[in-house]
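Descriptive structure summary
For reference, the chains in residue letters:
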Amino acid sequence: TSGGMVIITKKSWSSTSNTALMDCLKAWNIDTVLVCGLITSVCVQHSAFGIFEAGYRTILVTDCCADRGRARHEAALVF
């Protein structure tokens, strides 16, 4: 933790793969997750799918996401 925040480091495309994120969400009784970040078409998409698949209400904050190009970003939002 840092200043009251938990910092979770990821080593792959998804924030749910081999990280403490899912354990934290369960321990804190979280039911809704806001997803944002960089590379909408890869990391954000993989994280959102993993969180959704685990049964959480998943909201993609599109204004807080970006990709290497606008076309890739927009295409990733159509999933």
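Residues numbered from 1 in each chain as written. Predicted model: local features only at pLDDT ≥ 70, side-chain atom pairs only at ≥ 80, totals over all residues. Heavy atoms only, no water.

Re the overall build of the protein
The secondary structure content of the protein amounts to 3 helices and 2 strands. Along the protein, helices and strands appear, N-terminal first, in the series α-β-α-β-α. For the protein, the C-alpha radius of gyration of 13 Å lies close to 12 Å, the compact-globule estimate for 79 residues. Dimensions of the protein, computed from the C-alpha atoms along their principal axes, are close to 35 × 25 × 20 Å. Taking the contacts inside the protein whose residues are at least 6 apart along the sequence as the reference set, 63% of them involve residues at least 24 apart. Accessible area of the protein: about 5,600 Å², with a carbon and sulfur share of 56%. On the protein, the mean spot of the 7 positive side-chain charges and the mean spot of the 6 negative ones are 6 Å from each other. (Helix = DSSP H or I, 4+ residues; strand = E, 2+ residues; numbered from the N terminus. Rg over C-alpha atoms; globule rule 2.2 N^0.38 Å. Contact = heavy atoms within 4.5 Å. Areas by Shrake-Rupley, 256 points an atom, 1.4 Å probe, with all protein chains shown as cover. Lys, Arg positive; Asp, Glu negative; His and termini not counted. Charge placed at Lys NZ, Arg CZ, Asp CG, Glu CD.)

What to know about the pairing of strand β2 (residues 57-66)
Here strand β1 (residues 32-38) runs beside β2; their pairing, made up of 6 bridges, is parallel. Directly across from Leu-38, in β2, lies its bridge partner Ala-66. Each parallel crossover has a hand, and the one from β1 via helix α2 (residues 40-53) to β2 is right-handed. (Pairing = 2+ DSSP bridges. Right-handed = clockwise from strand over helix to strand, strands pointing away.)

Regarding the confidence of the model for the protein
Of all residues in the protein, 96% have pLDDT values of 70 or greater, and the mean over the chain is 92. Averaged pLDDT values for the elements of the protein fall to 91 in helix α3 (residues 70-76) and rise to 96 in β1. (pLDDT = per-residue confidence, 0-100.)

Description of the nonpolar core
Counting residues in each nonpolar core, the largest one holds 10 residues, listed as Leu-21, Met-22, Leu-25, Val-33, Val-35, Val-44, Ala-48, Ile-51, Tyr-56 and Cys-65. For this core, the elements supplying multiple residues, two or more each, are α1 (21-27), β1 and α2. Setting aside residues no more than four positions away along its own chain, Val-35 makes contact with Val-44, Ala-48, Ile-51, Thr-58, Ile-59, Leu-60, Val-61 and Cys-65. (Core = buried A, V, L, I, M, F, W, Y, C linked by side-chain atoms within 4.5 Å. Buried < 20%, exposed > 50% of the residue type's maximum accessible area, 1.4 Å probe, protein only.)

Topic: α2
Those residues of α2 lying buried are Thr-40, Val-42, Cys-43, Val-44, Gln-45, Ser-47, Ala-48, Gly-50 and Ile-51. Summarising the contacts, the buried residues of α2 are in contact with α1, β1, β2 and α3. Positioned one or two residues after α2, Gly-55 has a phi angle of 100°, which is positive.

Topic: the side chain of His-73
In this structure, His-73 sits in helix α3. Aside from chain neighbours lying at most four places away, what touches His-73 is Thr-40, Thr-62, Cys-65, Ala-66 and Asp-67.

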